[in-house]
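Residues per chain, in single letters:
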Amino acid sequence: MKKTFFVTTPIYYGSGLPHLGSFYSTLLADVLARWHKLQGYEVYFLTGTDEHGQKIAEKAQQEGKTPQDLVDEYAKAYKNLWREYDIEYTKFIRTTDLEHKKAVKALAHLLFEKGDIYKGEYTGWYCTPCETFVPSNATADQEGPVCPSCGRATRFMTEPCYFFRLSAYQERLLAFFKQNPDFIVPKERANEVVAFIEAGLKDLSISRSTITWGIPFPDDPEHVIYVWLDALTNYISAIGYADATRVAEFNHWWPVDVHVIGKDIVRFHAVYWLAFLMAAELPLPKHELVHGWIVVEGQKMSKSRGNVVDPVQLKELYGVDGVRYYLTSRMAITQDASFSIADLEKVISQDLANELGNLLNRMAVLAQKYDALSLPVIKGWSPQSIALCDAGKHMTQLARDYLNTYQFHLAYAEVKRFTALVNSYVHEREPWVQAGTDKQAFIETLSAVSHSLQLIAHVLWPVMPRSMEKMMRALGKSLLNGADVFKELVAWDKSFTLMVVPPLFAKVEGVFADLQKTEEAQTNKAVASDSVKAETAGVIDIADFVKVQLVAGTIIHAEMVPNSDKLLKLQVNCGVHGMRQILAGIKLHYKPEDLIGQQGIFVLNLKPRKLLGLESQGMLLCAVEAGGKTVFLRPSQPINDGSGVR
Ligand code: MSP
C-alpha cells in the first residue's frame, strides 16, 4: 500500500481577489504535495474558499449581487490563479457546497446531542466586518472598543446563540500540547497557544441569529452557524465526513498530515479546531505548519492598506517558476518576510538564470558543438567526479531533511550551494579544452554535470515543476518518482541524450524599473507637451505628484453621519484596491441617494483618520468655488473601478 499524505491550505474568504499572501500559503502546500508525490506518496491536496458570513452578504448587497453570485465570481478567480501558477490541488472545496453544508450540520448536531453545544445568550461589543465579539469591560452606555484586528467601531449587541463548551477542553488541550511539542511547526508558536489556553478558555459562541447567509443550525433555522465552525469543518467535509457512503474515503485520509496556515489563524486551528475534533471523537491533525506574513514596507499586505502585490502581474513580469522559487527560497516560514521586487529580480537572475539555467545551456551547447549529445554510461569515474557525486548525495540528504521538516529556504540554499559546486567543477575541468585533448574526460565531465542537473531537477521540481520538467527533457529524460527516487538519482549510472533548448530562465534585473521608467516617460511626455515651466515658487515636481494615489471608484453606499453637519459616510468600491470607507464633507451639497452608483476620484494613500469615531480611509476629490459651492469630480465616462488617475 502506498503511503498517504494529506495537506490543506486555509480556505480563503470568498469576498475578495487572491493576493500574494493567499498565494503564499497555497504555494507552500503545493510544494509539500509535490514533494510527497515525487517520493511515491498518494497525495490529497485540499484548498478552497470560505463563503459564508456577514461580510460576504454585505459586499454582495453593495455590489447589487446575490451572495452566491459574488462567491461564485471569487471562487473562479482563485481557481484561475491557482491554475496559472501550476497549483495542483486535488479538491477545491467551497463552504457553499452541499456536501460541506451537510457535514457541518451533522457535526453541530452530534456536538449538541453530546451536550458540547448548548443554547445561551451572548452580550458584548461586536465588530460586524470581522464578525466577532471584541472583549471589553465597557457597558452598553459607554463607548465601546474599536476592533483590534480592523480598527473599526464596534456595536453593543445581545443575542441568543449556541455555545460550544470550549472550557471543558482546557485540560485535554494542555495535555495534548505537552505530549506533542512538535505539533505546531515552528515549535515556538506553540508557546503562544499554550499561554492562551492557560489564561482560561471561555465557551465559544458558534451561531448568529443576526445573519442569514450561512448554514442554518440543525432544528433551529433562526440561527446560522458562525463562520469558524463552518469553515474549519471543510477539512473533513471534503473527504466525506458524516457521509455513510464515503466512510472508507474518510478513514483513508483522516487525520490530515499538515494544515498549512498563516500566523493570524493559529488560535482557530490549534485551539478551537482541536477541541471540536476532540468533541467529535475524531483523531487530531498530525501537524500544523504556521508561516509568517509577507510584509511590504514593514506592514502585512492587505487590501485596506493598499499595499497588495498582485500575483498576476508578477507572473507576467517574472514567470510562474521565478515567483514560486523566490517566495519559497528566500522567505523563511518561521518569521514575517519582506517582499521586495529588487530582491526577487536578483534571485531569479542569479540563482536561476546565471547559475542553473546557464549551466544546462553551456553543457548542451558544448555537447552539440563536439558531437557528444549522446552520453554513454560512465565506467570508472575520476576522483574529481566522485567528489562531486558525493557532494550531490550530501546535498540530497540535507535537502530531504529540510523539506521533510518544512524548511524550504534551507533546502533550496543547499541546492544553490551544490549548483555552485557543479559550476566550479566545470570551471576546473575546462571541458572546452578537454573536447580537443581528452574526449573521454570531456564525456565524463558532461555526464557528471548531467547527473548533477538531474538530481537538482528532482529536488527543485516541487517548487518549479514547469522548468524542471523542461530541464529533464533537455537531458533526454522524464521525471522519476517513487519511494527510491533519490537512491536511483545518486547512483550515477545513467546514459543521457542531451538536447539544446531555449534558456530556461531569463535575467530579469531591472525589469520593474524599466516598466516604471516607461510609465514615467509617458507621464512626463504628457506634462512636457503642456510646456509647463516649473519655475514659479510652490511648483512641485512630477515625482511629488505621483506620490498621491488617485483612483477612480464607485460609491456603493452613502449615508449621513449622525451628529455631523457636514459629513457623509461613503462605501466606495476601488476595484483591485478593495472597498474603502470614506468620509466626505459634502452633506450640504449632496443627498446620499444622489451619490449611490456614481463614480468619483479618490485619494487612497492618505493616512486613515478618525472623524466622530468613524475611520475615513481616503478622500473624495471635489472642486470648490470661492462662494463655497462644491461639486465632486468624476470621470467623463465610466471606467473600471480602481483605474489610476494620472
Ligand atoms: N477564511 C479564513 C480561514 C479559514 S480556514 C478554515 C481566512 N481567510 S483569509 O482569506 O483571510 O486567508 C487567510 C490566510 O491567507 C492566512 O492565514 C494566511 O495563510 C494567508 N495570508 C493572507 N495574507 C497574508 C500575508 N500578507 N502574508 C502571508 N500570508 C497571508 O482567514
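As the structure is a computational prediction, the values presented were derived from the model and not from experiment.

Considerations on the packing of aromatic side chains
For any pair of aromatic rings, the description rests on two quantities: the centre-to-centre distance and the angle between the ring planes. Throughout the structure, instances matching the rule amount to 33 aromatic pairs. Relative to phenylalanine 217, the ring of phenylalanine 112 has its centre 6.2 Å away and its plane inclined at 80°; by these criteria the two rings are edge-to-face. You can see phenylalanine 112 sitting in helix 4 (residues 98-114) and its partner phenylalanine 217 sitting in strand 10 (residues 216-217), a full 105 residues away along the chain. With relative accessibility at 36%, the residue phenylalanine 112 sits in the partly exposed group. A ring pair is formed by phenylalanine 176 and phenylalanine 177, whose centres lie 5.4 Å apart and whose planes are at 80°; its orientation type is edge-to-face. Note on accessibility: phenylalanine 176 and phenylalanine 177 belong to one class, buried. Each residue in the set Phe6, Tyr44, Tyr235, Tyr241, Phe250, Trp253, Trp254 and Trp273 is aromatic and connected to the rest through ring pairs, giving one cluster. The ring centre of tyrosine 13 lies 5.0 Å from the NZ or CZ of lysine 55, which sits over that ring. Here arginine 267 stacks its cationic end above the ring of phenylalanine 196, 3.9 Å away from the centre of that ring.

Focus: the packing of helix 15 (residues 408-429) against helix 17 (residues 439-460)
Taken N-terminus to C-terminus, the directions of helix 15 and helix 17 make an angle of 170°; their axes are 11 Å apart at the nearest point. As judged from the angle between their axes, helix 15 and helix 17 are roughly antiparallel. Taken together, the residues of helix 17 that come into contact with helix 15 (itself represented by Tyr412, Val415, Phe418, Thr419, Val422, Tyr425, Val426 and Arg429) are Ala441, Glu444, Thr445, Ala448, Val449, Ser452, Leu455, Ile456, Val459 and Leu460. Partitioned by chemical class, the residues of the contact of helix 15 with helix 17 number 13 nonpolar, 3 polar and 2 charged.

Side note on the pairing of strand 19 (residues 550-560)
With 8 of 11 residues buried, strand 19 lies mostly within the body of the structure. Two strands pair when backbone bridges link them, and strand 19 and strand 22 (residues 599-603) are joined in this way by 5 bridges, in the antiparallel orientation. Its bridge partner lying in strand 22, valine 551 is registered against phenylalanine 602. Judged from the 6 bridges that link them, strand 19 and strand 20 (residues 568-573) form a sheet pairing that is antiparallel. Directly across from alanine 558, in strand 20, lies its bridge partner leucine 570.

Structural notes on helix 17
With 22 residues, helix 17 should cover 32 Å at 1.5 Å per step; its first-to-last C-alpha distance of 31 Å lies within 8% of that length. Among the 22 residues in helix 17, 20 count as buried, and that is most of the element.

So, the environment of aspartate 97
Relative to the helices and strands, aspartate 97 is located in the loop between strand 3 (91-94) and helix 4. Since its relative accessible area comes to 23%, aspartate 97 is described here as partly exposed. On a C-alpha basis, the gap between aspartate 97 and alanine 238 in space is 9.5 Å, while along the polypeptide they are 141 residues apart.

What to know about the nonpolar core
Grouped burial of nonpolar side chains is what soluble globular proteins tend to show. Leu327, Phe339, Phe408, Tyr412 and Leu460 are the most contacted members of the largest nonpolar core, which has 103 residues in total. Setting aside its immediate chain neighbours within four residues, leucine 327 contacts Leu20, Phe23, Tyr24, Leu27, Ile294 and Phe339. With 62 residues, the next largest nonpolar core counts Ile11, Trp228, Leu232 and Val256 among its residues.

What to know about the side chain of glutamine 617
If you trace the backbone, glutamine 617 turns up in the loop between strand 24 (614-616) and strand 25 (619-620). Judged by its relative accessible area of 7%, glutamine 617 falls in the buried class. At 2.7 Å, the side chain of glutamine 617 and the backbone nitrogen of glutamine 581 are in polar contact. Within the structure, glutamine 617 has its side chain in polar contact with the side chain of glutamate 615 (distance 3.0 Å). When neighbours within four sequence positions are excluded, glutamine 617 is seen to be in contact with Arg152, Met579, Arg580, Gln581, Ile582 and Leu604.

Considering the site of the ligand
Around the ligand sit 24 residues in total, of which Ile11, Ser25, Asp50, Asp264 and Ile294 are the nearest. The contact in question runs from an oxygen atom of the ligand to an N or O atom on the backbone of glycine 262, over 3.0 Å. Backbone polar atom of isoleucine 294 to a nitrogen atom of the ligand: 2.8 Å apart, as the coordinates give it. Burial of the ligand by the surrounding chains reaches 93%, relative to a free accessible area of 670 Å². Elements supplying a minimum of two residues to the shell around the ligand: strand 1 (4-13), helix 1 (20-38), helix 7 (227-232), helix 8 (234-237) and strand 12 (258-262). The biggest single contributor to the shell around the ligand is strand 1, with 4 residues. Here the residues of the shell around the ligand sort into 13 nonpolar, 8 polar and 3 charged.

Topic: a nonpolar patch on the surface
Together, Ile540, Phe545 and Val546 make up an exposed nonpolar region whose accessible area comes to about 270 Å². Here valine 546 lies in the loop between helix 21 (542-545) and strand 19. What makes valine 546 exposed here is its relative accessible area of 52%.

Digging into the environment of valine 347
One can find valine 347 in helix 13 (residues 341-369). Classification of valine 347 by relative accessible area gives buried; the value is 5%. Put simply, valine 347 and lysine 507 are 160 residues apart on the chain and 9.6 Å apart in space, counted from C-alpha to C-alpha. Other than its neighbours up to four places away in sequence, valine 347 contacts Tyr325, Tyr326, Ser329, Arg330 and Leu352.

Here's the deal with the state of the cysteines
For the coordinates displayed, the defined rule picks out 0 disulfides. No disulfide involves cysteine 127; its nearest neighbouring cysteine sulfur is the one of cysteine 147, lying 3.6 Å away. Overall, cysteine 127 belongs to the buried group, its relative accessible area being 0%.

Some words on the sheet that holds strand 9 (residues 207-208)
Taken together, 3 strands build an open sheet; the order of strands is 9-11-10 and the sheet is antiparallel. On the outer flanks of this sheet lie strand 9 and strand 10, each paired with one strand and no other. When strand 9 meets strand 11 (residues 220-225), the two strands line up antiparallel, connected through 2 bridges. The residue of strand 11 that forms the bridge with serine 207 is isoleucine 225.

Concerning unusual backbone geometry
The omega torsion of the bond from valine 185 to proline 186 falls at -5°, within 30 degrees of zero and hence cis. Positionally, proline 186 belongs in the loop between strand 7 (184-185) and helix 6 (189-198). Note that the residue after tryptophan 254, namely proline 255, is joined by a cis bond; omega there is 5°. When you line up the elements, proline 255 lands in the loop between helix 9 (247-253) and strand 12. With a phi close to 45°, glutamate 430 is a non-glycine residue in the positive phi region. By secondary structure assignment, the location of glutamate 430 is in the loop between helix 15 and helix 16 (431-437). We note that tryptophan 492 has phi near 50°; this positive angle belongs to a residue other than glycine. The buried category is assigned to tryptophan 492, whose relative accessible area is 5%.

About the cut-offs
- Residues numbered from 1 in each chain as written.
- Predicted model: local features only at pLDDT ≥ 70, side-chain atom pairs only at ≥ 80, totals over all residues.
- Heavy atoms only, no water.
- Phe/Tyr/Trp six-rings, centres within 6.5 Å; stacked < 30°, edge-to-face > 60°.
- Helix = DSSP H or I, 4+ residues; strand = E, 2+ residues; numbered from the N terminus.
- Buried < 20%, exposed > 50% of the residue type's maximum accessible area, 1.4 Å probe, protein only.
- Lys NZ or Arg CZ within 6 Å of the ring centre and 35° of its normal.
- Axes fitted to C-alpha atoms, helices over the stretch in contact; angles between N-to-C directions.
- Parallel < 35°, antiparallel > 145°, perpendicular 65-115°, else oblique.
- Contact = heavy atoms within 4.5 Å.
- Nonpolar A, V, L, I, M, F, W, Y, C, P; charged D, E, K, R; others polar.
- Pairing = 2+ DSSP bridges.
- Expected span 1.5 Å × (residues − 1).
- Core = buried A, V, L, I, M, F, W, Y, C linked by side-chain atoms within 4.5 Å.
- Polar contact = N/O pair within 3.5 Å; in protein donor to acceptor, adjacent residues only side chain to side chain.
- Near = heavy atom within 4 Å.
- Areas by Shrake-Rupley, 256 points an atom, 1.4 Å probe, with all protein chains shown as cover.
- Patch = residues over 30% accessible without salt bridge, like charges linked within 9 Å, V, L, I, M, F, W, Y side chains within 5 Å.
- Salt bridge = Lys/Arg side-chain N within 4 Å of Asp/Glu carboxyl O.
- Disulfide = S-S within 2.5 Å.

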